[in-house]
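Remarks on the overall topology
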There are 2 protein chains.
Amino acid sequence: MKNNIKVQRAIHDLTQQELAERIGVSRQTINAMEAAKYVPSTVLALKLSELFGKPVNEIFELEEGD
Amino acid sequence: MKNNIKVQRAIHDLTQQELAERIGVSRQTINAMEAAKYVPSTVLALKLSELFGKPVNEIFELEEGD
DNA sequence: ACAAAATGTAAAATATATTTTACTTTATGA
DNA sequence: TCATAAAGTAAAATATATTTTACATTTTGT
């Protein structure tokens, strides 16, 4: 699964730290998520969706092998 | 977080077992997910989205306390 | 160039998703 | 009614998300 969190974060001019605080996770979680190092929960995906004003499907996308 | 998986499953006329096989999880995972007993991964949400032809945001929704 | 902020990364600890097995209860069709 | 499929549930085991702490590297502004 891939995502465009880094782009969305740039659009909304947020640091990883700020984004982390807004959705209630650690900075490392944001960092690892952007690097697609693991699969976040659906609650996190929905929170990002809400904050960015974008559907989950436009932030996250399935890849081969998922 | 709440969801309408049970309804979607009815629309597509699938048993929990069949749905589980389609998206590659156990039947208990589907059952527990319908009962909102835990938060599934974003990959699962996207697979349901793909199978049901519905955006993740129309299958899952945040609630107070999430 | 310097200082400070932001980002990348990693290991250990903890919380939680998911599986497996197994049993019970409920719905469905002959 | 009887047999069977489907759904509900639970405990233990395993995999994985997330946090915490800590440090290295890169970026940014002055």
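Residues numbered from 1 in each chain as written. Chains lettered and ligands numbered in written order. Predicted model: local features only at pLDDT ≥ 70, side-chain atom pairs only at ≥ 80, totals over all residues. Heavy atoms only, no water.

**Here's the deal with the protein's contact with DNA strand C**
With respect to spatial proximity, 18 residues lie near DNA strand C, and among them Arg9, Gln16 and Arg27 of chain A together with Gln28 and Thr29 of chain B are the closest. One of the side-chain N or O atoms of Gln28 of chain A is found 3.4 Å from a base oxygen in DNA strand C. At the level of elements, helix 1 (5-11) and helix 3 (27-34) of chain A together with helix 3 (27-34) of chain B are the ones that each hand at least two residues to the surface near DNA strand C. Considered class by class, the residues forming the surface near DNA strand C number five nonpolar, nine polar and four charged. (Near = heavy atom within 4 Å. Polar contact = N/O pair within 3.5 Å; in protein donor to acceptor, adjacent residues only side chain to side chain. Helix = DSSP H or I, 4+ residues; strand = E, 2+ residues; numbered from the N terminus. Nonpolar A, V, L, I, M, F, W, Y, C, P; charged D, E, K, R; others polar.)

**Things to note about the protein's contact with DNA strand D**
For DNA strand D, the set of nearby residues contains 18 residues, the closest of which are Gln28 and Thr29 of chain A together with Arg9, Gln16 and Arg27 of chain B. Contact distances for DNA strand D include 2.9 Å between a base oxygen and a side-chain N or O atom of Arg27 of chain B. Of all the secondary-structure elements, those providing two or more residues to the surface near DNA strand D are helix 3 of chain A together with helix 1 (5-11) and helix 3 of chain B. Of the residues belonging to the surface near DNA strand D, the class tally is five nonpolar, nine polar and four charged.

None of the figures reported here should be taken as evidence of function without further support.
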